[in-house]
Amino acid sequence: RAVAMSVSHSSRLNKLVREQYMRLPQDGRVQVTYVWIDGSGEGVRCKSRTLDKEPKSVEDVPEWNFDGSSTAQAEGSNSDMFLVPVCMFRDPFCLDPNKLVLCEVLKYNRKPAETNLRHTCKKVMDLVKDSHPWFGMEQEYTLLGINGHPYGWPDNGFPGPQGPYYCGVGADKVYGRDIVESHYKACLYAGVKICGTNAEVMPSQWEFQVGPCEGIEMGDHLWMARFILHRVCEDFGVVATLDPKPMTGNWNGAGCHTNYSTEEMRREGGLKHIEAAIEKLSKRHDYHICVYDPRGGRDNSRRLTGHHETSNIFEFSAGVANRGASIRIPRQVGQDGCGYFEDRRPAANCDPYAVTEAIMRTTVLNETGVETKDYADH
């Protein structure tokens with residue numbers, strides 16, 4: 001009864017009835033679901049339309065528009081916003097030939113919306129493309145009941161202390177694996193570059209990894225993986241939160257650890273390039289903290305305390321195999337003398353476009369200080 005009370009009403013609808021309709025033929029027409037980031041910089045929105053034939057590439061998907069006054073992106077008196085398709089995936093909910101399309105949002109004057117951070121990220125990635133930057137991001141999240149309480153936790157109290165839950169197995173150690181495995185399969189079907197998943201340190205907390213992705217692809221694939229996660233959770237009647245510290249007290253927070261390398265870091269002797277990049281990052285810590293969550297570091301201040309496998313938000317640190325550092329060099333990379341490093345500072349609710357752009361600005365374009373350069377004029 002307690003579990004039933006924590007899920008949404010819509011999740012209890014008869015899904016077999018839905019399947020009856022899902023099997024109906026479409027007579028060559030295609031349902032395309034447009035997905036975009038809303039005015040919060042964290043939420044995703046979607047709406048669908050019919051195309052007369054299956055698009056073979058994202059260029060075949062027309063621009064569309066939406067009411068920005070209902071997504072905190074425009075005033076009601078001038079509310080139309082443009083949806084510009086940028087990346088297309090297969091639809092794991094309505095199945096082939098239907099599509100999910102990630103979109104950039106432009107304002108009425110064709111300038112990027114305030115939360116359209118892809119626009120500048122793409123410019124930066126085009127500038128640094130010869131360095132072939134690879135990213136892999138580890139998205140942590142927490143499952144909540146519809147009542148906002150962590151899914152599977154006692155209604156009045158707490159589960160046992162952290163320890164047995166990380167990569168755990170068993171009904172008393174993990175909650176919601178059905179959701180996690182459904183999300184994984186849905187991402188594989190869609191064409192998202194998901195590469196793994198595991199139960200995390202806090203019970204009801206999970207992680208999936210996306211990558212390796214080159215350049216702008218990292219943000220595109222992580223945002224679509226997030227959309228699919230929220231959509232899967234909707235079917236199961238629970239909520240996935242990306243809050244960096246959903247439970248106060250002696251519980252781990254949620255991050256989005258970002259693994260990164262350039263071509264020269266991956267080559268023999270690349271460790272010296274890794275160390276050089278870390279040195280540049282050490283001199284720009286404040287700038288990175290400001291862009292590693294949607295609220296200029298305020299969200300991360302609840303998480304980066306120096307405890308629970310985090311560094312202190314006010315200090316920059318780096319080390320081999322050190323999960324309490326800002327930057328971790330994996331032990332294998334230290335032994336091989338080449339590879340990648342992990343920036344452990346980004347919060348779970350970071351915008352991957354902002355994170356990857358910041359890393360490239362600092363380590364490849366050699367920017368310093370808290371101001372960024374506008375390369376549009378160059």
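Quick notes on the rules
Residues numbered from 1 in each chain as written. Predicted model: local features only at pLDDT ≥ 70, side-chain atom pairs only at ≥ 80, totals over all residues. Heavy atoms only, no water. Helix = DSSP H or I, 4+ residues; strand = E, 2+ residues; numbered from the N terminus. Rg over C-alpha atoms; globule rule 2.2 N^0.38 Å. Buried < 20%, exposed > 50% of the residue type's maximum accessible area, 1.4 Å probe, protein only. Contact = heavy atoms within 4.5 Å. Areas by Shrake-Rupley, 256 points an atom, 1.4 Å probe, with all protein chains shown as cover. Lys, Arg positive; Asp, Glu negative; His and termini not counted. Charge placed at Lys NZ, Arg CZ, Asp CG, Glu CD. 1 Å grid on protein atoms, 1.4 Å probe; cavity = no way out; pocket = protein on both sides within 12 Å on 5 of 7 lines; lining within 4 Å. Points joined across faces, edges and corners; volume = space filled by probe spheres on them. Nonpolar A, V, L, I, M, F, W, Y, C, P; charged D, E, K, R; others polar. Domains from an automatic or database assignment. Phe/Tyr/Trp six-rings, centres within 6.5 Å; stacked < 30°, edge-to-face > 60°. Lys NZ or Arg CZ within 6 Å of the ring centre and 35° of its normal. UniProt positions renumbered as here; feature names shortened; annotations may be inferred. Salt bridge = Lys/Arg side-chain N within 4 Å of Asp/Glu carboxyl O. Arc of directions from axis to C-beta. Core = buried A, V, L, I, M, F, W, Y, C linked by side-chain atoms within 4.5 Å. Pairing = 2+ DSSP bridges.

> Any chance you could explain the overall build of the protein chain here in plain terms?
When helices and strands are counted, the protein chain shows eleven helices and 13 strands. On C-alpha atoms alone, the protein chain measures out to a radius of gyration of 21 Å, which is about the 21 Å that the 2.2 N^0.38 rule sets for 378 residues. Projected onto the principal axes, the alpha-carbon positions of the protein chain cover approximately 60 × 55 × 40 Å. In the protein chain, which comprises 378 residues, the share counted as buried stands at 51%. Of the contacts formed within the protein chain by residues at least 6 apart in sequence, a portion of 67% connects residues at least 24 apart. Carbon and sulfur atoms form 51% of the exposed surface of the protein chain, whose accessible area is close to 17800 Å². Both charge centroids of the protein chain, one from 44 positive and one from 51 negative side chains, sit 2 Å from each other.

> Would you take a moment to explain the layout of surface pockets for this structure?
Here the idea is plain: a probe the size of a water molecule rolls over the atoms and shows the empty space left. Taken as a whole, the largest pocket spans an internal volume of roughly 550 Å³. The wall of the largest pocket is formed by 28 residues, among which E114, L117, T120, A354 and E357 lie closest to the centre. Within the residue set of the lining of the largest pocket, elements represented by two or more residues are α3 (118–127), α8 (285–291) and α11 (352–363). Of the residues that constitute the lining of the largest pocket, the class distribution is twelve nonpolar, eight polar and eight charged. Both domains that furnish three or more residues to the lining of the largest pocket are identified here as domain 1 (9–115) and domain 2 (125–364). Considering the residues around the second largest pocket, the lining is formed by 20 residues, among which E140, E200, H257, E309 and R323 are closest to the centre. Of the residues that constitute the lining of the second largest pocket, the class distribution is three nonpolar, seven polar and ten charged.

> Just checking my understanding: could you explain the packing of aromatic side chains for this structure?
Aromatic ring pairs: the centre-centre distance and the angle between the two ring planes describe each pair. As enumerated under the stated definition, the model contains eight aromatic pairs in all. Between the aromatic rings of F158 and W251, the centroid separation amounts to 6.3 Å while the plane-to-plane angle is 25 degrees, which identifies the pairing as stacked. Remark: W251 occurs in the loop between β9 (239–241) and β10 (256–261) and F158 occurs in the loop between β6 (134–144) and α4 (177–190); sequence separation between them is 93 residues. F158 sits in the exposed class, given a relative accessible area of 55%. Taken together through their ring pairs, the aromatic side chains of F135, Y260 and F341 make up a single cluster. Sitting over the face of the ring of F93, R231 holds its NZ or CZ atom 4.4 Å from the ring centroid. Cation over ring: R284 sits above Y287, and NZ or CZ is 3.8 Å from the ring centre.

> Would you explain the UniProt feature "domain: GS beta-grasp" (unreviewed entry) in the protein chain in this entry?
UniProt's entry tags residues 30–110 with the feature "domain: GS beta-grasp" (unreviewed entry), counted in the numbering of this structure. Within residues 30–110, the helical portion is 0% and the strand portion 48%, while the C-alpha atoms at the span's ends are 28 Å from each other.

> Teacher, can you tell me more about the pattern of salt bridges here?
Should the charged atoms of two oppositely charged side chains come close, the side chains can pair. A full pass over the atoms with the stated rule returns 25 salt bridges. For E19, the salt bridge identified is with R18, shortest N-O distance 3.6 Å. Of the residues examined, E19 reaches a relative accessible area of 34% and is grouped as partly exposed. Since its relative accessible area comes to 31%, R18 is described here as partly exposed. The structure contains a network of salt bridges with shared partners spanning E42, D243, R295, D299 and R302.

> Before we go on, may I ask you to explain α3 in this structure?
Count 3.6 residues to each turn of an α-helix, and residues three or four apart come out pointing the same way. Within α3, burial applies to R118, C121, V124 and M125. Here the buried residues of α3 occupy an arc of 125 degrees about the axis, which is enough to place them on one side.

> Explain the nonpolar core here, please?
Among soluble globular proteins, nonpolar side chains are generally buried collectively. If you look at the biggest cluster of nonpolar residues, it comprises 71 residues, and the most contacted ones within it are Y141, L143, M224, I228 and F341. The greatest single-element share of this core, amounting to ten residues, is contributed by helix α5 (residues 217–236). Taken domain by domain, this core gets at least three of its residues from each of domain 1 (9–115) and domain 2 (125–364). V61, F66, V105 and A113 belong to the second-largest nonpolar core, a separate cluster that totals 15 residues.

> Explain the environment of V238 here, please?
With respect to the helices and strands, the residue V238 is situated in the loop between α5 and β9. Note: C-alpha distance between V238 and G176 (62 residues apart in sequence) is 9.4 Å. Among residues more than four places away in sequence, those in contact with V238 are V7, L143, L144, Y151, I179 and C233.

> I would appreciate a short explanation of the pairing of strand β2 (residues 44–51) in the present structure.
Across a regular strand the side chains alternate sides, sitting on one face of the sheet and then on the other. Examined bridge by bridge, strand β1 (residues 30–37) and β2 share eight bridges and lie antiparallel to one another. Opposite I37, over in β2, you have V44 as the bridge partner. Counting the residues between successive antiparallel strands, the hairpin from β1 to β2 contains six residues, one of them, G41, with a positive phi of roughly 80 degrees.

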